[in-house]
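What the coordinates show
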Protein chains: 2
Amino acid sequence: MTTAQMDKYSEIYKEQVDILEERFNKLLVNEEPASLYDPCKYIITSGGKRLRPYMVLLSSKAAGGNFEDAYNAAVAVELLHNFTLVHDDIMDKADKRRGRETVHIKFGLNPAILAGDNLVAVAYRNLLKDCRINTAEIMDSFTTGLIEVCEGQSYDTDFETQENVTIDQYKLMIQKKTAAMVEMCCAVGGYLANADEKIIKALKTFGLNLGMAFQIQDDLLDILADEAKFGKVVGGDLVEGKKTYIFLKALEFAEGDDKKLLLEVVKNKGIDKSMVPMYRNLYIKLGVIEDARSLMNDYNDIALKALDVLPDTEAKENLIWLANMLIKRSK
Amino acid sequence: MTTAQMDKYSEIYKEQVDILEERFNKLLVNEEPASLYDPCKYIITSGGKRLRPYMVLLSSKAAGGNFEDAYNAAVAVELLHNFTLVHDDIMDKADKRRGRETVHIKFGLNPAILAGDNLVAVAYRNLLKDCRINTAEIMDSFTTGLIEVCEGQSYDTDFETQENVTIDQYKLMIQKKTAAMVEMCCAVGGYLANADEKIIKALKTFGLNLGMAFQIQDDLLDILADEAKFGKVVGGDLVEGKKTYIFLKALEFAEGDDKKLLLEVVKNKGIDKSMVPMYRNLYIKLGVIEDARSLMNDYNDIALKALDVLPDTEAKENLIWLANMLIKRSK
């Protein structure tokens, strides 16, 4: 892809994010009671990359539809994503999100629980607005995405106290917690465009594998990123004792004292921030950074290959640009 | 209605509850992870009157459909109702429900939040199974029911700290928190049967007003019921300082020392259990018990009148029986 093309797609992305932001700013403004809608508005106007709604728009266009008929559905998937953030932050006892107080810190536990619940409902309401065809399929995809994200979050919580987590179990967890929602975004886009089953299947494969790549990249960034750029503590996963792909792979590769060091993280449910560089060096020594990069690239390749069956359009090119941007991102 | 007829409808209700119980017992048995599905199974197999699913079945049949094509939708509304119980119990810090520990007490806060979220998703999944026609209308009704119950719960929470609550505000709250879901059950039943708009409208009016009557009756039972039969503390609403219809009406009617006594409840956010009989006598003296009964009967009359446009069938008679049973119930 030429630099000019990349600049063009970057421009389209920014334009669409602006349109989406305007929709989020206008959403729910006249709703009552304030105790319910203020926390909802607070989270949905707190920014973020808006990748999931953009995937709906691009998938729909790549499948023969257009942006205009997919904006409500795009808003819906972002609302659903924001619901997961609100409830996950409660469960993870997180104080900050996107540089601001989390919803339960700012508004209290009960309003945060209810706001999350309501975001799910408002998501369905918005999705329904764009259901001119394939209503059952769209609703089913969306609902499956919601179920999988609940299952994924449960597995993730289980892993905190589970001593032995296999790589396969980890992959199933991120598939459900992260990738299933990206898969759903692409499927919904396809159904909105009334695409045939072959195209839908391709879009789903693209979304699922891109979601997997995205999560592996997230784990990589956590340990490798530039703290100033990344916007959160580097090595946070190690500090919290999270069993990421990199960590589990390191455990698999390590022997002797190296293995003991890694088992310390499990035993103590995390490490002190000062020890992050030492563990980073261990990861590099064990070759798990390269291993994770390679796995991420494999997922990305499968994702891109799936797009072969789609007609060659600007929207398809745009999806390819998005996939490549995501695995090269620095935050 | 003759005693023989009443016995017959009572028998049909029991039969259908048994069928529903069997469905709830079989639901989710093979799902994983256990950390997510065990709390879900725990709440959905904990009994209850199963009134909402029964309303779906009866409404559908009264609108020309049949039970068989409405069971999944019936299960869906009960799942949605159970979601509200799980999250409301967290917010109300309730320890017991139906004689057992509440979900968050038994499984912990995080699993309870997630189980509630998942119940919503599983509800949609089950609802979709019965969407052969009118999918958008059914999904829209269901989603509106979910939004209203979130709004209603928010108003209810607001009222706890709001000094002045008007009767109209209270009515809006119970309409959203309780009646909207009953209205939705009846609407969904109608749509499943592919009824025309006139029938749907009648079923919605029936459900909404029956729901209002049901909630007023609930408030009445709280202060009047036989403790052994009722299964929970009589006067619990006063103990917790809840601003029920009866309480707000008493506040409106009372003067002098009576008014002071009532304002004490607001000021102290509840009373000691030993003072319940004194307040009950005050309610009786002020005539608010009679007033509430009269309001409940008004709602019930509107509900029953709405059924006039439905063809005279056994299912319609059964709906009438159910409405009358609900406002005469002792628990």
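The preceding data block contains the structure.
These remarks concern the structure in this document. (Residues numbered from 1 in each chain as written. Chains lettered and ligands numbered in written order. Predicted model: local features only at pLDDT ≥ 70, side-chain atom pairs only at ≥ 80, totals over all residues. Heavy atoms only, no water.)

**Here we look at the interface of chain A and chain B**
Facing the 36 residues of chain A at the interface are 36 residues of chain B. Roughly 3,200 Å² of surface becomes buried between chain A and chain B when both sides are summed, with 68% attributable to carbon and sulfur atoms. Applying the counting rule to chain A against chain B returns zero salt bridges. In this structure, the connection of chain A to chain B is made through 10 residue pairs in polar contact (both at pLDDT 80 or more). At the level of elements, α2 (34-44), α4 (71-91), α6 (109-129) and α7 (135-161) of chain A are the ones that each hand at least two residues to the side of chain A that touches chain B. Per element, the largest residue contribution to the side of chain A that touches chain B is 14 residues, and it comes from α7 of chain A. (Contact = heavy atoms within 4.5 Å. Buried area = accessible area lost by both parts, 1.4 Å probe. Salt bridge = Lys/Arg side-chain N within 4 Å of Asp/Glu carboxyl O. Polar contact = N/O pair within 3.5 Å; in protein donor to acceptor, adjacent residues only side chain to side chain. Helix = DSSP H or I, 4+ residues; strand = E, 2+ residues; numbered from the N terminus.)

**Overview of the packing of α7 of chain A against helix α6 (residues 109-129) of chain B**
Two elements in contact, α7 of chain A and α6 of chain B, have axes separated by 9 Å at closest approach and are oriented at 155 degrees. When the axis of α7 of chain A is compared with that of α6 of chain B, the two are roughly antiparallel. The interaxial crossing formed by α7 of chain A with α6 of chain B has left-handed handedness. Together, A136, M139, D140, T143, T144, L146, I147, C150, Q153 and S154 of chain A of α7 of chain A and L114, D117, N118, A121, V122, Y124, R125 and L128 of chain B of α6 of chain B make up the contact between the two elements. (Axes fitted to C-alpha atoms, helices over the stretch in contact; angles between N-to-C directions. Parallel < 35°, antiparallel > 145°, perpendicular 65-115°, else oblique. Left-handed = near helix turned anticlockwise from the far one by under 90°.)

**Topic: the pattern of salt bridges**
All names here are of chain A. Counted under the stated rule, the structure contains 34 salt bridges over all chains. One salt bridge in this structure joins D38 and K41, with 3.8 Å as the shortest N-O distance. Of this pair, D38 and K41 both sit in helix α2, three residues apart, which is roughly one turn of that helix. Assessed through its relative accessible area of 35%, D38 is described here as partly exposed. Within the structure, one salt-bridge network assembled from shared partners comprises E21, R50 and E78. (Buried < 20%, exposed > 50% of the residue type's maximum accessible area, 1.4 Å probe, protein only.)

**Side note on the relation of the copies chain A and chain B**
The two copies are related by a screw motion: chain A maps onto chain B through a turn of 180 degrees and a shift of 0.0 Å along the axis, at an RMSD of 0.0 Å. Read as a symmetry element, the transformation amounts to a two-fold axis. Of the interface residues in chain A, 100% have counterparts in chain B that sit at the interface too, so the contact is made through matching surfaces. (Least-squares fit on C-alpha atoms with pLDDT ≥ 70 in both.)

**A closer look at unusual backbone geometry**
Residue and element names in this part refer to chain A. E32 connects to P33 through a cis peptide bond whose omega is 5 degrees. Secondary-structure assignment places P33 in the loop between α1 (3-26) and α2. Unlike most non-glycine residues, N194 shows phi in positive territory, near 55 degrees. Assignment of secondary structure puts N194 in the loop between α8 (167-192) and α9 (197-224). N194 gets classed as partly exposed once you look at its relative accessible area, which sits at 46%.

**Observations concerning the environment of I43 of chain B**
Residue and element names in this part refer to chain B. As for its position among the elements, I43 is in helix α2 (residues 34-44). Judged by its relative accessible area of 4%, I43 is buried. In sequence terms I43 and R97 are 54 residues apart; their C-alpha atoms lie 9.3 Å from each other. The contacts of I43, once residues within four sequence positions are left out, are N82, V86, R98, V103 and L119.

**Re a negative patch on the surface**
Residue and element names in this part refer to chain A. Residues D7, E11, E15 and D18 make up a contiguous surface patch of negative charge. As for its placement among the helices and strands, E15 is situated in helix α1. On the basis of relative accessible area, E15 is assigned to the partly exposed category, the value being 44%. (Patch = residues over 30% accessible without salt bridge, like charges linked within 9 Å, V, L, I, M, F, W, Y side chains within 5 Å. Areas by Shrake-Rupley, 256 points an atom, 1.4 Å probe, with all protein chains shown as cover. Lys, Arg positive; Asp, Glu negative; His and termini not counted. Charge placed at Lys NZ, Arg CZ, Asp CG, Glu CD.)

**What to know about the state of the cysteines**
Enumeration over the complete set of coordinates arrives at zero disulfides over all chains. Here C150 of chain A is not cross-linked by a disulfide; its sulfur's nearest cysteine counterpart is in C40 of chain B, at 8.3 Å. Its relative accessible area of 1% is what places C150 of chain A among the buried residues. In this structure C186 of chain A is a free cysteine whose sulfur lies 6.5 Å from that of C185 of chain A, the closest cysteine sulfur available. (Disulfide = S-S within 2.5 Å.)

**Here's the deal with the packing of α9 of chain A against helix α16 (residues 314-328) of chain A**
Residues and elements named next belong to chain A. The contact between α9 and α16 brings their axes to 9 Å, and the two run at 20 degrees. Here α16 runs roughly parallel to α9, going by the angle between their axes. The two elements α9 and α16 meet at a crossing, and its hand is left-handed. On the side of α9, the interface is formed by L203, F206, L210, A213, F214 and Q217, while α16 contributes L319, A323, L326, I327 and K328. Its residues assigned to classes, the contact of α9 with α16 shows nine nonpolar, one polar and one charged. (Nonpolar A, V, L, I, M, F, W, Y, C, P; charged D, E, K, R; others polar.)

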